[in-house]
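Below are the chains, spelled out letter by letter.
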Amino acid sequence: MASDTVSDPKNETTEINGVRIDDTFAEAFGMSAAGVIITADNAKWARQAAITMTGFGTSVIGCGAECGIDYEIAPKDTPDGRPGVRVLVFGFAPDSVTPQLKNRVGQCVLTSPGSACFNGLESDTKIKLSAGVRYFGDGWQTSKKIGNKRFWRVPVMDGEFVIEDEVGITTEGVGGGNLIIHGTDRVGLLEVTEAAVAAIGDMPDVITPFPGGIVRSGSKVGSKYKGVVASTNNAYCPTLRGTTETALDDTTVVVLEIVIDGLTSKAVADAMRAGLKAVTDQGAAKGVTRVSAGNYGGNLGQFHYHLKDLI
Amino acid sequence: MAELILRLKATPDQRLDLKSLTPSRLAGLTVPEIERLPIATTRTQVTVGDVFTVSGALGGGIRFDGGSDRFDFIGAELAGGTIHVDGDVGAYAGRRMLAGALSVSGNAGAHLASAMDGGVITIAGTAGDCLGAPRRGERFGMTGGTVAVQGSIGERTGDRMRRGTIITHETCGAFAASRMMGGTIWAVGGFGDYPGALMRRGTLIAPHVTKMLSTFNDCGVHDLVVLQLMEKHFKDTLGSLAPAPTSGPPKKLSGDTATVGKGELLLIS
């Protein structure tokens with residue numbers, strides 16, 4: 001689609017197809033990330049195991065890890081020649097990813113019919129994938145070294161659960177890339193944001209860990225209540241526009257956010273670019289008015305993604 | 001890549017210990033220096049130049065132009081690079097090999113890949129007894145690497161084997177995998193008598209066995225992911241030397257129950 005781009009130096013904004021792009025940036029943080037490939041007898045059950053494993057994995061603060069499906073893998077490209085799904089698990093550090101993998105694989109992949117679980121990230125740094133899970137075999141588990149990789153075979157009721165011994169982990173991951181999309185129509189904005197999530201879904205090495213890739217409850221740091229570390233970002237709540245200091249336009253009735261975690265800073269930037277393009281390609285027709293991004297003033301996160309650089 | 005070529009001058013009249021002729025041991029030597037290197041023998045002292053015409057340059061690979069069943073210990077302790085032999089090799093080829101590739105266009109003698117730990121050995125012909133086995137007094141036989149033999153292999157293959165893979169596209173002789181502790185032996189043409197005696201762990205794969213130990217138990221027919229993993233790995237790493245894909249779920253027999261019994265024999269179709 002041909003786009004109509006207009007720059008307004010006075011207001012430091014750019015408009016594309018009727019959608020205003022704020023001159024601001026997303027502020028993101030360094031994270032550790034592991035990749036896992038889950039296979040099964042068919043794509044449906046590989047995906048089912050992956051969906052279950054990545055559940056309750058939206059925010060590292062409350063869930064212990066941020067998890068999502070990166071992409072589906074054709075049988076010819078999986079270790080065992082069956083349909084597969086690549087899952088990414090993000091945490092603050094390798095030490096915090098290890099127990100998340102243990103619990104999520106043990107409860108959600110081991111239990112899923114026909115599943116197997118393999119390393120999904122080549123890296124010089126490895127953490128245990130089979131730790132704990134293989135002991136479910138109660139002494140009947142056996143290992144098999146194939147090439148330079150070790151696999152564990154755990155007897156289960158539908159045959160054997162095969163799991164690779166180690167999984168690669170990177171400390172070059174980035175968490176918290178984001179796009180904040182404003183609009184005047186709740187249904188229309190959701191459709192446009194879904195399209196942006198789909199475009200990001202086509203990009204490798206990134207996940208959008210929130211429900212369907214979309215957040216409707218943007219948060220600010222702290223709260224009036226003691227012990228509450230994050231609370232609703234009142235400046236972005238349309239129903240509080242007349243009550244509190246607001247970051248919204250007068251016509252805005254809905255704001256949705258896409259949060260992006262990636263294995264590299266470039267992957268996050270490319271994903272944000274793809275998401276932004278998907279939004280501006282659709283233009284203002286469905287009530288989208290503006291794209292912004294979340295930051296903390298630039299002092300907390302090591303990675304800054306300026307929207308004007310992604311257009 | 002440049003190769004150092006060692007052309008055999010005449011059929012050896014005594015056994016030759018060629019363990020010193022590996023890329024890492026010859027690195028930095030000129031052709032005249034290589035020609036002056038002594039070769040351990042059984043009767044008369046000889047040098048490399050007495051046995052071979054040396055030419056080319058060592059670029060990581062050595063090619064023996066002409067082989068003999070008296071070429072012992074060829075590729076022993078090979079730690080990288082390639083060795084190719086146009087012809088046969090004798091005993092203990094690839095002994096304690098660590099990495100790299102050894103390929104032989106002819107037959108290999110006994111104790112091929114003895115206590116091998118890594119790398120890949122391919123034999124276009126047959127291989128003798130005790131492939132991958134330890135020498136007397138050693139605790140383990142093969143502990144890693146892959147050996148692919150186009151022809152048949154002899155008895156006691158994989159004795160005390162702990163890791164690694166042995167593949168034959170024909171038959172594997174009697175008493176294979178005795179005292180095996182791990183690893184995989186795939187006999188495309190089947191095993192001879194009594195494979196897996198006192199086998200603790202590990203995997204044997206074949207379409208049939210001539211005589212089976214009574215201490216292996218029938219576990220039924222199962223679709224095993226690990227077999228698909230192995231098939232894909234062999235296809236990726238061995239190409240045409242990989243066994244043909246199996247056509248259905250294998251029948252699993254576990255044993256040897258005379259010991260811990262965590263080994264398995266997979267009867268494929």
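Residues numbered from 1 in each chain as written. Chains lettered and ligands numbered in written order. Predicted model: local features only at pLDDT ≥ 70, side-chain atom pairs only at ≥ 80, totals over all residues.

Colleague: Lay out the overall build of chain A with the relevant residues and their values.
Modeller: Across its full length, chain A carries five helices and 18 strands. Taking 2.2 N^0.38 as the reference for a compact globule, 311 residues should give roughly 19 Å; the C-alpha atoms of chain A span a radius of gyration of 21 Å, in line with that estimate. Along the longest, intermediate and shortest principal axes, the C-alpha atoms of chain A span 70 × 50 × 35 Å. Within chain A, the fraction of its 311 residues that count as buried is 45%. (Helix = DSSP H or I, 4+ residues; strand = E, 2+ residues; numbered from the N terminus. Rg over C-alpha atoms; globule rule 2.2 N^0.38 Å. Buried ≥ 20, exposed ≤ 12 C-beta atoms within 10 Å, placed from the backbone.)

Colleague: Describe the overall build of chain B, naming the residues involved and giving the relevant values.
Modeller: Per the secondary structure count, chain B includes four helices and 19 strands. Relative to the compact-globule value of 18 Å for 269 residues, chain B shows a C-alpha radius of gyration of 19 Å, a close match. C-alpha atoms of chain B, sized along the principal axes, occupy 65 × 35 × 25 Å. Burial statistics for chain B: of 269 residues in total, 52% are counted as buried.

Colleague: Quick rundown of the domain arrangement of chain A? Include the residues and the values.
Modeller: All names here are of chain A. Each domain of chain A was delimited in the assignment, giving domain 1 (5-28 + 174-309) and domain 2 (31-170). Computed over C-alpha atoms, the centres of domain 1 and domain 2 are 31 Å apart. Facing the twelve residues of domain 1 at the interface are 14 residues of domain 2. Counted by class, the side of domain 1 that touches domain 2 contains eight nonpolar, two polar and two charged residues. (Domains from an automatic or database assignment. Contact = placed C-beta atoms within 7 Å. Nonpolar A, V, L, I, M, F, W, Y, C, P; charged D, E, K, R; others polar.)

Colleague: Give a description of the sheet that holds strand S7 (residues 71-72) of chain B that names residues and reports values.
Modeller: Hydrogen bonding along the main chain pairs the strands of a sheet, whether they run parallel or antiparallel. Across the sheet, which stays open at both edges, the four strands sit in the order S4-S3-S2-S7 (chain B) with mixed pairing between neighbours. Across the chains shown, the open sheet's two edge strands, defined by having one partner strand only, are strand S4 (46-47) and S7 of chain B. (Pairing = 2+ DSSP bridges.)

Colleague: Lay out the nonpolar core in plain terms, naming residues and giving numbers.
Modeller: All names here are of chain A. Counting residues in hydrophobic clusters, the biggest one holds 159 residues, and the most contacted among them are Ile38, Val87, Val89, Ile181, Val268 and Met272. Ranked by residues supplied to this core, first place goes to strand S4 (residues 25-39) with nine residues. For Met272, the contacting residues outside a window of four places in its chain are Ala26, Gly177, Leu179, Ile260, Tyr305 and Leu310. (Core = buried A, V, L, I, M, F, W, Y, C linked by C-beta atoms within 7 Å.)

Colleague: Describe in detail the confidence of the model for chain B, supporting the description with residues and values.
Modeller: Detailed reading of the predicted coordinates is not advisable wherever pLDDT is low. Overall, the predicted model of chain B reaches an average pLDDT of 96, with 100% of residues at or above 70. Model confidence for the complex: the whole-complex pTM is 0.91, and ipTM, which rates the interface, is 0.91. (pLDDT = per-residue confidence, 0-100.)

Colleague: So what about the packing of helix H4 (residues 186-201) of chain A against helix H5 (residues 265-282) of chain A? Which residues, and what values?
Modeller: Residue and element names in this part refer to chain A. Running from N to C, H4 and H5 cross one another at 145 degrees; their axes reach a closest spacing of 8 Å. For the crossing formed where H4 meets H5, the hand is right-handed. On the side of H4, the interface is formed by Val192, Ala195, Ala196, Ala199 and Ile200, while H5 contributes Ala271, Ala274, Gly275, Lys277, Ala278, Val279 and Gln282. Here the contact of H4 with H5 is composed, by residue class, of nine nonpolar, two polar and one charged. (Axes fitted to C-alpha atoms, helices over the stretch in contact; angles between N-to-C directions. Left-handed = near helix turned anticlockwise from the far one by under 90°.)

Colleague: So what's going on with unusual backbone geometry? Residues and values would help.
Modeller: That bond from Gly255 of chain B to Asp256 of chain B is cis: its omega, -5 degrees, falls within 30 degrees of zero. Here Asp256 of chain B lies in the loop between strand S18 (251-255) and strand S19 (263-267). A positive phi is found at Asp138 of chain A, a non-glycine position, where the angle reads about 55 degrees. Looking at the element boundaries, Asp138 of chain A is found in the loop between strand S8 (126-128) and strand S9 (142-146). The phi dihedral of Tyr92 of chain B is positive, around 60 degrees, even though this residue is not glycine. Taking the number of C-beta atoms within 10 Å as the measure of exposure, Tyr92 of chain B has 26 and is therefore buried.

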